[in-house]
Amino acid sequence: MDQLIIKGGVPLYGSVVISGAKNAALPLIAATLLAPGLHTLHNVPDLRDTRTMLKLLEILGAQWERTGTTIRINNDRLTGVEAPYDLVKTMRASVLVLGPLLARSGFAKVSLPGGCAIGARPINYHLKGFEQLGVTTRLEQGYVEGIVEGRMRGGTVYFDIPSVTGTENVLMASVMAKGKTVIKNAAKEPEVGNLIDMLFAMGAEIEGKGTDRLIVQGVDQLQATESTIIPDRIETGTYMIAVAATGGSVTITNCNPSHLPALTEKLLLCGVDIATTEDTVTVSCPDVAGRSICPLQSVDITTLPYPGFPTDLQAQFMALMIQAEGTAIIHETIFENRFMHVAELKRMGADITIEGSRAIVRGIGRGKLCGAPVMATDLRASASLVIAGLAASGTTQISRIYHLERGYETMVEKLQGLGAQVAKVKE
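What counts, and at which threshold
- Residues numbered from 1 in each chain as written.
- Predicted model: local features only at pLDDT ≥ 70, side-chain atom pairs only at ≥ 80, totals over all residues.
- Heavy atoms only, no water.
- Helix = DSSP H or I, 4+ residues; strand = E, 2+ residues; numbered from the N terminus.
- Rg over C-alpha atoms; globule rule 2.2 N^0.38 Å.
- Buried < 20%, exposed > 50% of the residue type's maximum accessible area, 1.4 Å probe, protein only.
- Contact = heavy atoms within 4.5 Å.
- pLDDT = per-residue confidence, 0-100.
- Axes fitted to C-alpha atoms, helices over the stretch in contact; angles between N-to-C directions.
- Parallel < 35°, antiparallel > 145°, perpendicular 65-115°, else oblique.
- Nonpolar A, V, L, I, M, F, W, Y, C, P; charged D, E, K, R; others polar.
- 1 Å grid on protein atoms, 1.4 Å probe; cavity = no way out; pocket = protein on both sides within 12 Å on 5 of 7 lines; lining within 4 Å.
- Points joined across faces, edges and corners; volume = space filled by probe spheres on them.
- Pairing = 2+ DSSP bridges.
- Phe/Tyr/Trp six-rings, centres within 6.5 Å; stacked < 30°, edge-to-face > 60°.
- Lys NZ or Arg CZ within 6 Å of the ring centre and 35° of its normal.
- Polar contact = N/O pair within 3.5 Å; in protein donor to acceptor, adjacent residues only side chain to side chain.
- Core = buried A, V, L, I, M, F, W, Y, C linked by side-chain atoms within 4.5 Å.

K.L.:
Report on the overall build of the chain, specifying residues and quantitative values.
P.N.:
Looking only at helices and strands, one finds 13 helices and 24 strands in the chain. Relative to a compact globule of 427 residues, whose C-alpha radius of gyration would be 22 Å, the chain shows 22 Å and is just as compact. Each of the three principal axes of the chain carries a C-alpha extent, and together these read 70 × 45 × 40 Å. Burial status across the chain gives 57% buried among its 427 residues. In the chain, the proportion of contacts linking residues at least 24 apart, taken out of those at least 6 apart, comes to 75%.

K.L.:
Could you give an account of the confidence of the model for the chain, with specific residues and numbers?
P.N.:
In the predicted model, the chain carries a mean pLDDT of 93, and 96% of its residues have values of at least 70. Taken together, the stretch residues 115-121 has pLDDT below 50 and engages in 25 contacts with residues farther than four places along the chain or on a different chain.

K.L.:
Quick one: what's the story with the environment of Glu427, residue by residue and with numbers?
P.N.:
Locating Glu427 in the fold gives a position in the segment after strand 24 (421-426). Between the C-alpha atom of Glu427 and that of Arg400, which follows or precedes it by 27 residues, the distance is 9.3 Å. The residues contacting Glu427, other than those within four sequence positions of it, are Met1, Asp2, Gln3 and Ser399.

K.L.:
Lay out the packing of helix 1 (residues 22-31) against helix 2 (residues 48-59) in plain terms, naming residues and giving numbers.
P.N.:
It is at 10 Å that the axes of helix 1 and helix 2 come closest, and there the two elements cross at 5°. Our classification of the angle between helix 1 and helix 2 gives roughly parallel. Listed contacts from helix 2 to Lys22, Ala25, Leu26 and Ile29 of helix 1 are Asp49, Thr50, Met53, Leu54 and Leu57. Among the residues making up the contact of helix 1 with helix 2, the classes are represented as six nonpolar, one polar and two charged.

K.L.:
Residue-level account of the layout of surface pockets, with values.
P.N.:
Here the second largest pocket defines a volume of roughly 290 Å³. Lining the second largest pocket are 15 residues, and of these Glu405, Tyr408, Thr410, Met411 and Lys424 sit closest to its centre. For the lining of the second largest pocket, the secondary-structure elements that each account for two or more residues are helix 2 and helix 13 (411-417). It is helix 13 that provides the largest number of residues to the lining of the second largest pocket, a total of three residues. Looking at the lining of the second largest pocket residue by residue, the classes come out as seven nonpolar, one polar and seven charged.

K.L.:
If you had to explain the sheet that holds strand 17 (residues 280-284) to someone new, which residues and values would you point to?
P.N.:
Read across the sheet, four strands follow the order 2-15-17-16 without closing on themselves; strand pairing throughout is mixed. Either end of the sheet is taken by a strand with one partner, and the two such strands are strand 2 (12-17) and strand 16 (273-276). For this sheet, the mean angle separating the axes of adjacent strands, direction not counted, is 10°. When strand 2 meets strand 15 (residues 248-253), the two strands line up parallel, connected through six bridges. By the bridge assignment for strand 15, Gly14 is matched with Val250. Those strands touched by helix 8 (residues 233-246) are strand 2, strand 15, strand 16 and strand 17, and its axis lies near 170° from that of strand 15.

K.L.:
Go over the packing of aromatic side chains with me, naming the residues and quoting the values.
P.N.:
As enumerated under the stated definition, the model contains two aromatic pairs in all. With a centroid separation of 6.2 Å and an interplanar angle of 80°, the aromatic rings of Tyr125 and Phe159 are classed as edge-to-face. Here Tyr125, found in helix 5 (residues 124-132), pairs with Phe159, found in the loop between strand 10 (156-158) and helix 6 (164-174); they are 34 residues apart in sequence, far enough to count as distant. In this structure Tyr125 comes out as partly exposed when scored by relative accessible area, which is 22%. Look at Phe159 and you get buried, because its relative accessible area is 1%. Over the aromatic face of Tyr143 sits the side chain of Lys109, whose NZ or CZ is 5.0 Å from the ring centroid.

K.L.:
Can you explain helix 9 (residues 261-270)? Please cite residues and give values.
P.N.:
Listing the buried residues of helix 9 in full gives Ala262, Leu263, Thr264, Leu267 and Cys270. Of the surrounding elements, those touching the buried residues of helix 9 are helix 8, strand 16 and helix 10 (314-321). Immediately downstream of helix 9, the backbone of Gly271 shows phi near 105°, a positive value.

K.L.:
Talk me through the side chain of Thr137; I want residue IDs and the actual numbers.
P.N.:
By the secondary structure assignment, Thr137 is in strand 8 (residues 136-140). Looking at Thr137, its side chain comes within polar contact range of the side chain of Glu131, at 2.7 Å. With near-sequence residues (within four places) excluded, Thr137 lies in contact with Leu127, Phe130, Glu131, Glu145 and Gly146.

K.L.:
Run through the sheet that holds strand 9 (residues 143-147), naming residues and quoting values.
P.N.:
Taken in spatial order, the four strands of this open sheet run 6-7-9-8, and their pairing is mixed. One side of each edge strand has no neighbouring strand; the edge strands of this open sheet are strand 6 (82-83) and strand 8. In the packing of helix 4 (residues 98-105) onto the sheet, the strands contacted are strand 7 (107-111) and strand 9, and the crossing angle to strand 7 comes to about 160°.

K.L.:
Go over the nonpolar core, please, and point to the residues and values.
P.N.:
Counting residues in each nonpolar core, the largest one holds 70 residues, and the members touching the most others are Ile252, Phe317 and Leu320. Contact partners of Leu320, with chain neighbours within four places excluded, come to Ile241, Ala244, Ala245, Leu267, Cys270 and Leu296. By size, the runner-up hydrophobic cluster in this structure holds 69 residues, among which are Ile29, Leu34, Leu60 and Leu101.

K.L.:
Account for unusual backbone geometry, with residues named and values stated.
P.N.:
A cis amide bond links Tyr306 with the next residue in sequence, Pro307, at an omega value of 10°. Secondary-structure assignment places Pro307 in the loop between strand 18 (301-302) and helix 10. Not every positive phi belongs to a glycine, and Gln141 is a case in point at roughly 55°. Mapped onto the elements, Gln141 comes out in the loop between strand 8 and strand 9. A relative accessible area of 77% means that Gln141 is categorised as exposed. Its identity is not glycine, yet Arg400 carries a phi of approximately 60°, on the positive side. Using a relative accessible area of 27% as the deciding quantity, one classes Arg400 as partly exposed.

As structure tokens, this is what we get:
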């Protein structure tokens, strides 16, 4: 098993290119199941999760090939409708094949999903949505089965809480349903918008992109298309926070700064300099009163659905607040188990107290974290430990980095390009 070795205390300088968004690539890959023919997807990151989704499509009968960041998928003949446990257990997003399979084949059987252990994340929202479209669902021996007699029919689907994968799954199921479907309290994340653009290019009729109310007029069939994955806003935000934590100045390219309004505002309040263009963001920590890096001010955050502060950046921001001056309150409202990184950060000298869904972070100031052996517990917790290790004095050893490789493409190489002393070694 691999681990990361980080020698911290080195400011980051230079530029880094952002990869395509994992959380957009997965639903777009699944959406190719909706129509036979040759689909072309550009800017697809090469990650554990994207490879898992492509392997799942293989099991269902699809053929695919990758050239650089472009993937071509041929779904002319689907030979299966079942997503097995051995594959799905490693990635929750595998459940996204349910909607397309129901729309195209009228039947689907998918193992209950796995992935990061950050909370229950039930798929009941998906199933209730499918049932509003005429699908009969049942849970049996760890599998979700869905069947529809004939063609799905339009209906009204309401989400009590905006669910990104729930919105995407129901959206894909509804595009070929008979009549009109209205999805209320839909997720508004940019990744949902990316999927809507692809479905529209395939011939779907969808109104309300970027709002919490989507109106879908079902069509008889869709056709294969060519689409581009949006830049990964979570990867972008992770590097923004890493520069703020270590000091220095980095220009992040091939990104969309407009997708990170809450993070940008919070970093500005911390005292970080940020300059943006349409597709770049430069993060700098200016000298203050002769000090090599600016002091950080504590800032409270509450994770919320888009455009609020992303839950996928909460752990990374906590690693930054450890070094701030003052006390920060971090309120996690999306996932109930997303503070598992706290114990590992405390091993490095952090002063953090958990009170229910809130973490109270008492800043210890810059340069006070100490390297230590730590263990990653989930994807974004891994990133928080990397940021803490980059900012700490001494050496940090991070084990179980397979979590990190699910969502960050060539992170070691990208950090090395910014001057970080980081290496991946066999444990």
